[in-house]
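Remarks on the overall topology
Here's the letter readout for the chains.
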There are 2 protein chains.
Amino acid sequence: MKNVTTTDPRDGRTTELEIRETSAEEVRRLVDAAERAASEVRSAPRSWRAGLLRAIADELDASRAELTGAAESETGLTPARLDGEVTRTVFQFRLFAEAVEEGSYLEAAIDHAAETPTGPAPDLRRMLVPIGPVAVFGASNFPFAFSVPGGDTASALAAGNPVIAKAHPAHPLTSLRAFEAMQRALERHGAPSGLLGLVFGQDAGASLVTEPGVRAVGFTGSARTGRLLMDLASRRPAPIPFYGELSSINPVIVSPAAAAVRGAQIAQGLFASVTGSAGQLCTKPGLAFIPRDADALVDALVAQARDAGAQPMLSAGILSAFTDTRSELERLPGMRDLAMRPPLTSEGAHVVPGLLEIDVADFTEAVAEETFGPSIVLVRYGDAGELREAMRRVPGSLTATLHIEQHDDLDLTDLLPDLEALAGRVVFNGYPTGVRVAWAQHHGGPWPATNTIHTSVGVTAMRRFLRPMAWQDAPEHLLPVEVRDGQVDLPRRVDGVLTLPAAR
Amino acid sequence: MKNVTTTDPRDGRTTELEIRETSAEEVRRLVDAAERAASEVRSAPRSWRAGLLRAIADELDASRAELTGAAESETGLTPARLDGEVTRTVFQFRLFAEAVEEGSYLEAAIDHAAETPTGPAPDLRRMLVPIGPVAVFGASNFPFAFSVPGGDTASALAAGNPVIAKAHPAHPLTSLRAFEAMQRALERHGAPSGLLGLVFGQDAGASLVTEPGVRAVGFTGSARTGRLLMDLASRRPAPIPFYGELSSINPVIVSPAAAAVRGAQIAQGLFASVTGSAGQLCTKPGLAFIPRDADALVDALVAQARDAGAQPMLSAGILSAFTDTRSELERLPGMRDLAMRPPLTSEGAHVVPGLLEIDVADFTEAVAEETFGPSIVLVRYGDAGELREAMRRVPGSLTATLHIEQHDDLDLTDLLPDLEALAGRVVFNGYPTGVRVAWAQHHGGPWPATNTIHTSVGVTAMRRFLRPMAWQDAPEHLLPVEVRDGQVDLPRRVDGVLTLPAAR
C-alpha cells in the first residue's frame, strides 16, 4: 500500500507521512475487533460509558496544543478557530455523557400483560440498543468537530457502538493525533481498544462501507462522494443505514423593513457569516434574498468584499471546485459580479470573497448551486409573491434564515411554512453559521442537505446509531436493568404513561 | 388503462371490477391534492388530528360487515380472523389518537439562550414535524391491519401526513371499501379529501414512489418487491426514506429442559403458530431448533401435521411461491419430510402443513429461506455450542423465540445476545405470531426483516413519518404552540430537563 501524504494548504507543500494506507485485510481485522469490542461493552452500565466519554473529553483537552498544531499545518485554519473547535469537540463528548446518564435516549417502555380490546396481550418491554460497529467519514472543514473525534463518533460511542473512522485525506496527521488521544482515554478507562479504529485511504473507506460487520455509516462531505457511498451502503447484500450530511445552500431572506432598519448591521453579520473559515462551512449562506431597493445594504456588502483579505482554502481540491463553481455562476444569464475581483490572488491557494448578484426574475435552480467557499449570490426581489415563487427553486438546506422586524410588512403566512419545508433549522435575525451543540439542535434537512430524518449535531444524533428491541414475557433477570420493574434511574413509559425517575 | 380484477382464492374465480388502473397523470393529481391537504392541516391542533383518527376508527367499525365480507371473498381468510383484524385496526387508530394527544412523539425541546463552554449560544426550539405525503404499500396477508387502513397509514396520518395507498392486487375491492369508509370519516370530520388517496395497478405504484411530492414510503411485502421499490426510492433525484418490512424466518429455540417439561404443550402452541392464517404471517416461525433427543415433541408435531386439514392460500402467486420454496427445501442435503404429504390437495389452491427436519450439522443459510405458508423446518441440535454456531447462519428476523425453564441448563450468556443481535423482538415461552399493538412494541429487525431502524407496529411507528425541525431565536408567535414558553399540554425537554405537563 502507498504511504499517506499531507499538504500544507498555506504553501502547498506536500510531505509523505510514515503512515501506510490501510489494506482491505486490515480493515477486516479492525471490524472484527470492533465486533468483539461491541460484545465486551454491551453489558457495561451507562455510567461506565458516560465515564468513557468524559475520559475522551479530558484527553482531547489535554492534547489541545498537539491537536491544533497538526491541524493548523494541514487545514490553514487559524489557531483561534481550531482552539475553539477543540473546545466544542470536548464539550460535545461531555454533553453526550450527560445524555447517556440521563437515559431518555433509550426510549424505554413497558407495557405489562393486560386484557386489551384485541384480547389478552403479553408483557412487552422496549428500548433502544446499540446498532453495532459504525463507520465514520469526517469532513475536511472541521478537523475535530466533524472528523475523527467529531459528532458522528461521539454520538455512535455514546449510543454504545464501536467506531471505525476514515481519516480525511486533507488532515491525516490530525486524524491520527486525535485517534491516539482517544485511544489513550480508552486505555485509561479500561475500554477495549477495538472500540475505536482508524483507516487511511479511499479504498479502505470503500471496504469499510461494504464490510458485513459494519452496521451504519456517518458521513459529512460532498453530495457527490456522499451519493457514491450511500449507493454502496444500499447495494450491500444486507443494506445498512447511511447518514449523509451533504450539501446546503442556506438561503437568507431580508425583509424590506429589516433592510431599512438594520441594513448596515445585516451587511456586516452576513459578510462575516459568508467569509468565516473562508466560507467553508456547511451552514454558510450561499443565497441572500435582498429587496430590490435595499442598495445601502448591498453597497455595504460590496465595500467589505472589495476590502477583504485573501484566505487559504482547505485543500487544492476544494480550491479548484470553488473557483470552477464560481465561474459557472458568473456565466449564468443576468448574473453580475459586484466585487469585481478574480477569486485567486497572486498568493496562489488564497482566495478572496465573491459577491454576485442576480434579479429574482433570472433566478433558477442553477443559481442555487452550492459554492463551498467565501461566496454568496444576492437575489434582488420586489415583493413577497416573487420571493415565494423563487423559494420553490431553492433546494433542501440545513438552514434558512429570516431577517424581519417586529412590525413587518412581509407576509410570513405562507413564506414561513415554505422555509420550514425546505430547511431543518430556521434562524431568525441571526446567521446560520455557528451550530450550537445542544439538546434542541437539529442539523439536517431535506435532500440534498441530508438523506435522512436524523441530525448529525445535538443529543438526538445518537438515535441514528440505535435500533429498537422488544422483549416479550421475558424473565426479569434476562432484561436490561432499564426495563425491569421497580425504581430505575431514567425516564420511561409504563403502560402508556411517561414517568420520571425519583429525584436523584 | 386496464380494469382491475379480483380473484376468490377459495375457488380461483376471477372477476373484473368497475375500477380502472390509475394512470401516471392521475397519480400526479393525487400527489398534488395530498400536498395541498398537508398545507391545510398543518396548523390544526393535535386534538383535531386525534379526533380525525377516532372518526376513522368509528367509521371502520361501523363498516365492519361490508369490510369483512369483501375481504373474505378476496383472501379466503376466515370471518373470525377478519373480524379480529378489523378490531385490531380500529384499536390501532384509537391508540394513535391517544399518542397524538399525549404529545411525547413530537420530542419537543427548548434550549434557552445561554452562556455555554463554547460561548454565548442562541435560543433553540426543536420538535418533529410531518414529513409530507406518504405512499403506503400494504400486504396481502392483512387486508386491514397492514393494508389501506393499516399501521403505516394510521401512523403516517397520526404524524400529520397525507397518505396515498396502493391497493394490493390480491384485495382491490377490500382496499376500495376501506378507503371509502375512511373518506366518509374525513368528510365527517371536515378534513380535506386529499389527505387520503388510493391508486390501483403496479405502474401506479412505481409512479407513486418516484413522484417528487411523495416524501416517504411504507411497504410491507416480499423482499424482492421491497428491494425493487427501495432502489427506486433511493435512485430518485431527491431520495426519500423507504420503510420496508420484508422477510423473516423467526427462529424458535426449545431448550432440552423445556422440551422435557412442556414438550406436548410446545408442540401444540408451535403448530398453531405455524399454521394460523395458513402460515401467511410475517412472524410465522419458519425454523425451530429442537433438541436431538426431544422425540416426543417432534412426534406430537408430526401427528398434528398429518391430521391437519387443508387451508386456502391468499393468492395463486403466494401459493406457487410456497410450493416452490418447499420443494427447494425438501431437496436440500439431509432434509427429511416428516409429514409426508404433498403440499397441494385435490382441492386445488388449498395446502396442508409442511414439517421438515434437518440435523444441525446440515444446517446452512439455504435452510433458513422463508417459506410464506404453513411450513416449518425443525433443526435438531445436541448442545449449546451447536446452537450458537447455527445461529450465525440465521438471517435477520422480526422475532426470535426462546422456550426455557426457570432452572435451565441451556447457557444463555452468549446465546441471548446472539438472538438479540439477529431479531427485533425476543419472545420467551410463547410464540411470535400475534403482534400486540402497544407503546412498547417493536416490529422490525436487521435485514432482511426490515431495512431501517424503525418499527411498523406500535406507537413509535410514527417516528418514520416525522422529521426534526429547529427554530433559532424565533419570535414566540411564529413558533408552534408546543415549543412556546409557559405551560403546555405535552412532555418536553427544557434546558436539558425532561418535564411533564401539569396534571390534566
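Everything numeric in this text was worked out from a predicted model, so none of it was measured. Within each chain, residues carry numbers counting from 1 in the order of the written sequence. Going through the entries in the order they are written, you letter the chains from A and number the ligands from 1. For this predicted model, a pLDDT threshold of at least 70 governs which residues receive local features, and a threshold of 80 or more governs which side-chain atom pairs are given and counted, while totals over whole chains, interfaces and linings are taken from all residues.

Structural notes on the overall build of chain A
The numbering of helices and of strands both runs from the N terminus, where a helix is a DSSP run of H or I of at least 4 residues and a strand a run of E of at least 2. When helices and strands are tallied, chain A shows 13 helices and 23 strands. Here the globule rule is a power law, 2.2 Å times the number of residues to the power 0.38, and the radius of gyration is based on C-alpha atoms. Since a compact globule built from 504 residues should have a radius of gyration of about 23 Å, the 24 Å found for chain A is in line with a globular shape. Looking at chain A as a whole, 58% of its 504 residues qualify as buried. Taking contacts inside chain A between residues at least 6 apart in sequence as the whole, the part at least 24 apart equals 74%. Exposure in this text rests on C-beta crowding, where 20 or more other C-beta atoms within 10 Å of a residue's own make it buried, 12 or fewer make it exposed, and counts in between make it partly exposed. The C-beta atoms are placed from the backbone. A residue pair is marked as a contact if its C-beta atoms, positioned from the backbone, fall within 7 Å.

Side note on the domain arrangement of chain A
Residue and element names in this part refer to chain A. Its domain assignment divides chain A into domain 1 (32-246 + 452-466) and domain 2 (251-428). Taken together, the eight residues of domain 1 in the interface contact eight residues of domain 2. Residues are sorted three ways: Asp, Glu, Lys and Arg are charged, Ala, Val, Leu, Ile, Met, Phe, Trp, Tyr, Cys and Pro are nonpolar, and all the rest, Gly among them, are polar. In the side of domain 1 that touches domain 2, the residues fall into two nonpolar, four polar and two charged. Domain extents, as shown, originate in an automatic or database domain assignment.

A word on the interface of chain B and chain A
At the junction of the two partners, chain B supplies 63 residues and chain A supplies 63 residues. Within the residue set of the side of chain B that touches chain A, elements represented by two or more residues are α1 (24-42), α4 (79-102), β3 (109-111), β6 (124-130), α13 (412-422), β20 (423-428) and β21 (466-472) of chain B. Grouping the constituent residues of the side of chain B that touches chain A by class yields 35 nonpolar, 17 polar and eleven charged.

Here's the deal with the relation of the copies chain B and chain A
The superposition of copies rests on a least-squares fit of C-alpha positions from residues with pLDDT of 70 or more in both. Mapping chain B onto chain A leaves a residual RMSD of 0.0 Å; the transformation is a rotation of 180 degrees accompanied by 0.0 Å of translation along its axis. The transformation just described matches what one would write down for a two-fold rotation axis. In this assembly, 100% of the residues forming the interface of chain B have copies in chain A that are likewise at the interface, indicating an isologous arrangement.

Side note on the packing of helix α2 (residues 46-62) of chain B against helix α6 (residues 172-189) of chain B
Pairs of packed helices are described in terms of their axes, by the angle between the two and the distance that separates them. Residue and element names in this part refer to chain B. In this description, a line fitted to the C-alpha atoms serves as the axis of each element, helices being fitted only across the stretch in contact, and the angle between N-to-C directions of two axes falls anywhere from 0 to 180 degrees. Where α2 contacts α6, the axes come no closer than 8 Å and their chain directions differ by 135 degrees. Relative to α6, the element α2 is oriented oblique. Of the two possible hands of crossing, α2 and α6 adopt the one that is right-handed. Packed against α2, whose contacting residues are G51, L52, A55, I56, D58, E59 and L60, the element α6 presents A181, M182, R184, A185, R188 and H189 at the interface. Looking at the contact of α2 with α6, its residues break down into seven nonpolar, two polar and four charged. Throughout this description, any angle smaller than 35 degrees is read as roughly parallel, any larger than 145 degrees as roughly antiparallel, any in the 65 to 115 degree range as roughly perpendicular, and the remainder as oblique. By convention the crossing between two helices is left-handed if the near helix lies anticlockwise of the far one by an angle smaller than a right angle, and right-handed if it lies clockwise.

Comments concerning the packing of α2 of chain B against α4 of chain B
Residue and element names in this part refer to chain B. Running from N to C, α2 and α4 cross one another at 170 degrees; their axes reach a closest spacing of 8 Å. Overall, the two elements α2 and α4 adopt an arrangement that is roughly antiparallel. Touching R46, S47, R49, A50, L53, R54, I56, A57, L60 and D61 of α2 are V86, T89, V90, F93, R94, F96, A97, V100 and E101, all from α4. Considered class by class, the residues forming the contact of α2 with α4 number eleven nonpolar, two polar and six charged.

Let's talk about the environment of S63 of chain B
All names here are of chain B. Summarising the element assignment, S63 is placed in the loop between α2 and α3 (64-75). Taking the number of C-beta atoms within 10 Å as the measure of exposure, S63 has 21 and is therefore buried. With sequence-adjacent residues up to four places away left out, S63 is seen in contact with R177 and A181.

Some words on the sheet that holds strand β7 (residues 134-137) of chain B
Residue and element names in this part refer to chain B. Judged by pairing direction, the sheet is parallel, and its five strands sit side by side in the order β9-β8-β7-β10-β11 without closing on themselves. Only two strands of the sheet have a single neighbouring strand rather than two, namely β9 (196-199) and β11 (242-245). On average, each strand axis in the sheet is inclined to that of its neighbour by 15 degrees, with strand direction left out of account. Between any two strands, at least two bridges found by DSSP are needed for them to pair. Bridging between β7 and strand β10 (residues 216-220) involves four bridges; their strand directions are parallel. Bridged to A135 within β10 is V217. Of the strands in this sheet, β8 (163-166) and β9 are in contact with α1, which crosses β9 at around 170 degrees. Each of β7, β8, β9 and β10 touches helix α7 (residues 202-210); the most contacted strand, β8, lies at about 150 degrees to it.

Looking at the sheet that holds β3 of chain B
Read from one edge to the other, the open sheet built from twelve strands follows the order β15(A)-β17(A)-β18(A)-β13(A)-β12(A)-β19(A)-β20(A)-β21(B)-β6(B)-β3(B)-β22(B)-β23(B), with strand pairing classed as mixed. Each edge of the open sheet is held by one strand with a lone partner, namely β15 (336-337) of chain A together with β23 (497-499) of chain B. With six bridges joining them, strand β17 (residues 354-359) of chain A and strand β18 (residues 375-381) of chain A adopt parallel strand pairing. Looking at the pairing, L356 of chain A lines up with V377 of chain A of β18 of chain A.

With respect to the confidence of the model for chain A
Per-residue confidence from the predictor is reported as pLDDT, a score between 0 and 100. Considering every residue of chain A, the mean pLDDT works out to 96; 99% of them sit at 70 or more. Across the whole predicted complex the pTM is 0.97, and at the interface the ipTM reaches 0.97.

Observations regarding the pairing of β6 of chain B
Residue and element names in this part refer to chain B. The element β6 is extensively covered by neighbouring structure, given that six of its seven residues are classed as buried. Pairing between β3 and β6: three bridges, direction antiparallel. Counterpart to A109 in the pairing with β6 is R126.

Details of unusual backbone geometry
Residues and elements named next belong to chain A. Here W447 and P448 are connected by a cis peptide whose omega angle stands at 5 degrees. Tracing the sequence through the fold places P448 in the loop between β20 (423-428) and β21 (466-472). Its identity is not glycine, yet E107 carries a phi of approximately 50 degrees, on the positive side. Inspection of the secondary structure assignment puts E107 in the loop between α4 (79-102) and β3 (109-111). A positive phi angle is found at N250, which is not glycine, with a value near 50 degrees. The residue N250 is located in the loop between β11 (242-245) and β12 (251-254) in this model.

Examining helix α2 (residues 46-62) of chain A
Residues and elements named next belong to chain A. Here α2 is 17 residues long and its end C-alpha atoms lie 24 Å apart, about the 24 Å a rise of 1.5 Å per residue gives. Listed as buried for α2 are R46, R49, A50, L52, L53, A55, I56, A57, E59 and L60. Packed against the buried residues of α2 are α3 (64-75), α4, α5 (151-158) and α6 (172-188). By this rule, a helix spans an expected 1.5 Å times one less than how many residues it contains.

Description of the environment of L270 of chain B
Residues and elements named next belong to chain B. The residue L270 is located in helix α9 (residues 256-275) in this model. Note on L270: 24 C-beta atoms within 10 Å, which makes it buried. For the pair L270 and Y431, spaced 161 residues apart in sequence, the C-alpha separation works out to 6.8 Å. Residue contacts for L270: discarding those within four places in its chain leaves V252, P285, A288, L301 and Y431.

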